[in-house]
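Listed below are the residues making up each chain.
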Amino acid sequence: MLKRIGSPWRPRLLLPGGRLFAGMSQRLGIAAALLGDPEVLLLDEPVNGLDPEGVLWIRNLMRHLAAQGRTILVSSHLMNEMAVTPTPG
């Protein structure tokens, strides 16, 4: 599952005190949501804390999951991000 979320686990992804960087925490949360292989996925602010590479990763992941016939619901206050989020035609 860690490979699927686009970033192998590395100790350098930890902040002092053992906390995760926001982007890695976000990716791990998405990985946890995918563990049950859900048909419907609700993502709340999925790009929050992600770097530009992570934003592209989540867009591609959503596109891949939608191509599998899954339903993906996304909420975000970033209207520019939603404008470029893939939607089935």
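### Topic: the overall build of the protein
Counting its secondary structure elements, the protein contains three helices and two strands. Walking the protein from its N terminus toward its C terminus, one meets helices and strands in the order α-β-α-β-α. Residues classed as buried in the protein amount to 33% of the 89 residues present. For the protein, restricting intrachain contacts to residue pairs at least 6 apart in sequence, the fraction spanning at least 24 positions comes to 54%.

### Digging into the confidence of the model for the protein
Overall, the prediction assigns the protein a mean pLDDT of 78, with 74% of residues at 70 or greater. Across the protein, the element-wise mean pLDDT spans from 77 in helix H3 (residues 79-83) up to 92 in strand E1 (residues 40-44).

### Overview of unusual backbone geometry
Within the chain, Asp37 stands out as a residue other than glycine whose phi angle is a positive 55°. Classification of Asp37 by relative accessible area gives partly exposed; the value is 47%. For Glu45, which is not a glycine, the phi torsion comes out positive at approximately 55°. Looking at the element boundaries, Glu45 is found in the loop between E1 and helix H2 (52-67).

### Description of the nonpolar core
Inside soluble globular proteins, nonpolar side chains tend to come together where they are buried. Core analysis: the largest hydrophobic core is formed by 12 residues, namely Ile30, Leu34, Leu41, Leu43, Val47, Leu50, Val55, Trp57, Ile58, Leu61, Met62 and Leu65. Listing elements by their share of this core, those giving two or more residues are helix H1 (22-34), E1 and H2. Among the elements that line this core, the one with the most residues is H2, at six residues.

### Details of the pairing of E1
Burial along E1 is one-sided: the face carrying Leu41 and Leu43 is buried and the face carrying Val40, Leu42 and Asp44 is not. When E1 meets strand E2 (residues 71-75), the two strands line up parallel, connected through five bridges. Bridge pairing in E2 links Leu43 to Val74. Handedness of the crossover joining E1 and E2 through H2 is recorded here as right-handed.

### Observations regarding the pattern of salt bridges
Overall, the coordinates contain one salt bridge when judged by the stated rule. The shortest N-O distance in the salt bridge between Asp37 and Arg70 comes to 2.6 Å. With Asp37 in the loop between H1 and E1 and Arg70 in the loop between H2 and E2, this pair connects stretches of sequence that are 33 residues apart.

### Structural notes on the environment of Arg70
Looking at Arg70, the relative accessible area reads 15%, which means it is buried. The spatial distance from the C-alpha of Arg70 to the C-alpha of Leu41 is 7.6 Å, given a sequence separation of 29 residues. Every residue in contact with Arg70, bar those within four places of it in the chain, is listed here: Asp37, Pro38, Glu39 and Leu65. At a separation of 2.7 Å, a polar atom in the side chain of Arg70 contacts the side chain of Gln68.

About the cut-offs
- Residues numbered from 1 in each chain as written.
- Predicted model: local features only at pLDDT ≥ 70, side-chain atom pairs only at ≥ 80, totals over all residues.
- Heavy atoms only, no water.
- Helix = DSSP H or I, 4+ residues; strand = E, 2+ residues; numbered from the N terminus.
- Buried < 20%, exposed > 50% of the residue type's maximum accessible area, 1.4 Å probe, protein only.
- Contact = heavy atoms within 4.5 Å.
- pLDDT = per-residue confidence, 0-100.
- Core = buried A, V, L, I, M, F, W, Y, C linked by side-chain atoms within 4.5 Å.
- Pairing = 2+ DSSP bridges.
- Right-handed = clockwise from strand over helix to strand, strands pointing away.
- Salt bridge = Lys/Arg side-chain N within 4 Å of Asp/Glu carboxyl O.
- Polar contact = N/O pair within 3.5 Å; in protein donor to acceptor, adjacent residues only side chain to side chain.

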